[in-house]
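# Structure at a glance
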Amino acid sequence: MESVFSNVARAPEDPILGVTVAYNKDPSPVKINLGVGAYRTEEGKPLVLDVVRRAELQLVNDQTRVKEYIPIVGLADFNKLSAKLILGGDSPAIKENRVATIQCLSGTGSLRVGAEFLTKHYHQNVIYIPKPTWGNHPKVFNLAGLSVEYFRYYDPTTRGLDFQGLIEDLGAAPSGAIVLLHACAHNPTGVDPTPEQWEQIRQLIRSKSLLPFFDSAYQGFASGSLDTDAQSVRMFVADGGECLIAQSYAKNMGLYGERVGALSIVCKSADVASKVESQVKLVVRPMYSSPPIHGASIVATILKSRERNRTPGDWSHIIKQIGMFTFTGLNTEQVAFMTKEHHIYMTSDGRISMAGLSSKTVPHLADAIHAAVARLG
């Protein structure tokens with residue numbers, strides 16, 4: 001009997017997650033996965049931070065904890081601590097109750113909930129995103145009903161920031177347009193504006209009444225300091241203007257599969273923030289009703305602990321880099337050669353996850369890059 005879904009075409013693999021699918025099928029003992037951003041031990045095994053293990057034990061041993069539904073907006077402690085982490089403990093916006101914070105499903109869910117809210121309640125439906133950016137960004141915003149445009153960001157000739165192009169493109173954006181900004185450790189390039197450039201970006205955005213929407217997925221990984229990596233966001237909040245911030249704890253606490261994130265919307269007044277929260281709840285309720293409790297409880301436990309005075313865990317092996325990813329400059333042909341001949345897996349644009357490397361695999365990668373460049377130019 002023919003299926004009613006016989007006309008459904010097979011979708012292509014996700015360009016990022018599909019790299020892992022291909023990697024898993026490869027039987028080679030020297031294969032390396034540099035596609036998905038997830039930290040590993042020296043042996044290439046998934047890494048769970050000690051501070052996370054301790055928090056989980058504390059939660060498991062608390063016999064008063066139950067498995068009841070939590071509110072639509074999530075755990076109150078988690079939301080309060082998340083806002084404080086990104087905005088700072090002395091933030092006037094927090095003290096004046098001008099921030100609506102909602103627990104969401106990691107960074108992706110936070111972006112989607114924010115986009116759905118903007119589609120329903122903001123007067124502009126166009127969002128400008130950097131070129132390049134994380135591959136999921138345009139899909140998230142398009143499916144939420146926003147129109148996606150791009151602004152120049154990366155200059156492949158200098159392998160640095162195309163600041164002039166960025167300023168020109170945002171300067172040409174229509175008044176009120178939404179602008180997606182990576183708070184720090186830009187994915188996939190690892191290239192961030194300087195503090196002075198951030199200030200120029202802030203002045204331009206405010207002068208044109210553009211609405212900044214920050215994606216903060218790597219707080220603590222660009223500089224090694226949670227506070228330093230939040231300065232771009234805090235700069236925009238300090239001027240009294242409004243903005244949205246999507247936070248993810250997948251990377252800085254290694255909680256990839258727990259799907260823990262937060263959406264904060266900074267408003268002009270406490271009254272507006274209260275109304276905004278009420279409408280965001282109407283976005284969440286028919287989408288997933290309420291968020292899960294476990295991952296957010298881990299985060300809240302860690303952030304409340306007096307033992308936490310820096311990014312949880314020992315990340316000394318990566319704070320010399322800006323973020324998790326880097327652009328190699330390799331082209332599509334060279335990437336394909338490295339995958340076929342050397343069993344090294346990465347996205348076709350040459351982006352590699354530094355987290356996928358270990359001291360044992362670096363020589364293999366170096367040899368493969370040399371062979372690809374020497375063979376194919």
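Residues numbered from 1 in each chain as written. Predicted model: local features only at pLDDT ≥ 70, side-chain atom pairs only at ≥ 80, totals over all residues. Heavy atoms only, no water.

### Overview of the overall build of the chain
Along its length, the chain carries 13 helices and 13 strands. Seen along its three principal axes, the alpha-carbon backbone of the chain occupies a region of about 65 × 60 × 55 Å. When burial is assessed residue by residue, the chain has 51% of its 377 residues classed as buried. A separation threshold of at least 6 residues defines the contact pool for the chain, and within that pool the share at least 24 residues apart is 76%. Summed over its atoms, the accessible surface of the chain is roughly 18,400 Å², and 53% of this surface lies on carbon and sulfur atoms. Across the chain, the mean location of the 38 positive side-chain charges is 4 Å away from that of the 36 negative side-chain charges. (Helix = DSSP H or I, 4+ residues; strand = E, 2+ residues; numbered from the N terminus. Buried < 20%, exposed > 50% of the residue type's maximum accessible area, 1.4 Å probe, protein only. Contact = heavy atoms within 4.5 Å. Areas by Shrake-Rupley, 256 points an atom, 1.4 Å probe, with all protein chains shown as cover. Lys, Arg positive; Asp, Glu negative; His and termini not counted. Charge placed at Lys NZ, Arg CZ, Asp CG, Glu CD.)

### Quick notes on the state of the cysteines
Going through the model one piece at a time under the given rule, you end up with zero disulfides. Cysteine Cys184 is unpaired, with the sulfur of Cys243 as its nearest cysteine sulfur at 15 Å. By relative accessible area, which is 5% here, Cys184 ends up buried. Cys243 takes part in no disulfide bond, and the closest cysteine sulfur, belonging to Cys267, lies 9.1 Å away. (Disulfide = S-S within 2.5 Å.)

### Notes on the environment of Asp90
By secondary structure assignment, the location of Asp90 is in the loop between helix 3 (76-87) and helix 4 (92-95). The class of Asp90 is exposed, set by a relative accessible area of 57%.

### A closer look at the pairing of strand 3 (residues 126-131)
The buried fraction of strand 3 is high, at five of six residues. Note: strand 3 against strand 4 (residues 147-152), six bridges, orientation parallel. Each residue of the ladder has a partner; that of Pro130, found in strand 4, is Phe151. Traced from strand 3 through helix 6 (residues 137-144) to strand 4, the parallel crossover comes out right-handed. In this sheet, strand 7 (residues 178-182) lies alongside strand 3 in parallel orientation, the contact comprising two bridges. Residue pairing across strands places Tyr128 opposite Val179, the latter belonging to strand 7. (Pairing = 2+ DSSP bridges. Right-handed = clockwise from strand over helix to strand, strands pointing away.)

### Things to note about a nonpolar patch on the surface
Together, Val4, Phe5 and Val8 line one region of the surface with nonpolar side chains, adding up to about 360 Å² of accessible area. Here Val4 lies in the segment before helix 1 (17-25). (Patch = residues over 30% accessible without salt bridge, like charges linked within 9 Å, V, L, I, M, F, W, Y side chains within 5 Å. Salt bridge = Lys/Arg side-chain N within 4 Å of Asp/Glu carboxyl O.)

### Topic: the pattern of salt bridges
Counted under the stated rule, the structure contains 12 salt bridges. The partner of Lys120 in a salt bridge is Glu116, with the nearest N and O atoms 3.5 Å apart. With Lys120 and Glu116 both in helix 5 (residues 106-121) and four residues apart, this pair spans about one turn of that helix. A residue is classified by how much of its surface remains accessible, and Lys120, at 52% relative accessible area, is exposed. Residues Arg202 and Asp239 are paired through a salt bridge, measuring 3.0 Å at the closest nitrogen-oxygen approach. Of the two residues, Arg202 is situated in helix 8 (residues 195-207) and Asp239 in the loop between helix 9 (231-238) and strand 9 (243-248); the sequence distance between them amounts to 37 residues. Among the charged side chains, a salt-bridge network with shared partners connects Glu199, Arg202, Arg206 and Asp239.

### Quick notes on the packing of helix 5 against helix 10 (residues 270-284)
Packing of helix 5 against helix 10 leaves a shortest axis separation of 10 Å and a crossing angle of 115 degrees. By the angle between their axes, helix 5 is roughly perpendicular relative to helix 10. The element helix 5 and its partner helix 10 pack so that their crossing is right-handed. For the pair formed by helix 5 and helix 10, the contact residues are Val113, Glu116, Phe117, Lys120 and His121 on the first element and Val276, Gln279, Val280, Val283 and Val284 on the second. Broken down by class, the residue content of the contact of helix 5 with helix 10 amounts to six nonpolar, two polar and two charged. (Axes fitted to C-alpha atoms, helices over the stretch in contact; angles between N-to-C directions. Parallel < 35°, antiparallel > 145°, perpendicular 65-115°, else oblique. Left-handed = near helix turned anticlockwise from the far one by under 90°. Nonpolar A, V, L, I, M, F, W, Y, C, P; charged D, E, K, R; others polar.)

### Description of the domain arrangement of the chain
The domain boundaries assigned to the chain delineate domain 1 (16-37 + 324-376) and domain 2 (76-309). The centre of domain 1, based on its C-alpha atoms, is set 30 Å off from the matching centre of domain 2. Facing the nine residues of domain 1 at the interface are 12 residues of domain 2. Both faces combined, the contact of domain 1 with domain 2 buries some 800 Å², and carbon together with sulfur accounts for 58% of it. The interface formed by domain 1 and domain 2 includes zero salt bridges. Classifying every residue of the side of domain 1 that touches domain 2 gives four nonpolar, four polar and one charged. (Domains from an automatic or database assignment. Buried area = accessible area lost by both parts, 1.4 Å probe.)

### Let's talk about the sheet that holds strand 4
Working definition: the strands of a sheet are paired by backbone hydrogen bonds and lie parallel or antiparallel to each other. Taking strand neighbours across the sheet as the criterion, the seven strands line up as 2-10-9-8-7-3-4 in an open arrangement whose pairing is mixed. One side of each edge strand has no neighbouring strand; the edge strands of this open sheet are strand 2 (99-105) and strand 4. The sheet shows a mean angle of 25 degrees between the axes of neighbouring strands, direction not considered. With six bridges connecting them, strand 9 and strand 10 (residues 260-266) associate as antiparallel partners. Across the sheet, the residue bridging to Ser248 is Gly261, located in strand 10. The strands that helix 7 (residues 163-171) touches are strand 3, strand 4 and strand 7; relative to strand 4, the one it contacts most, it runs at about 145 degrees.

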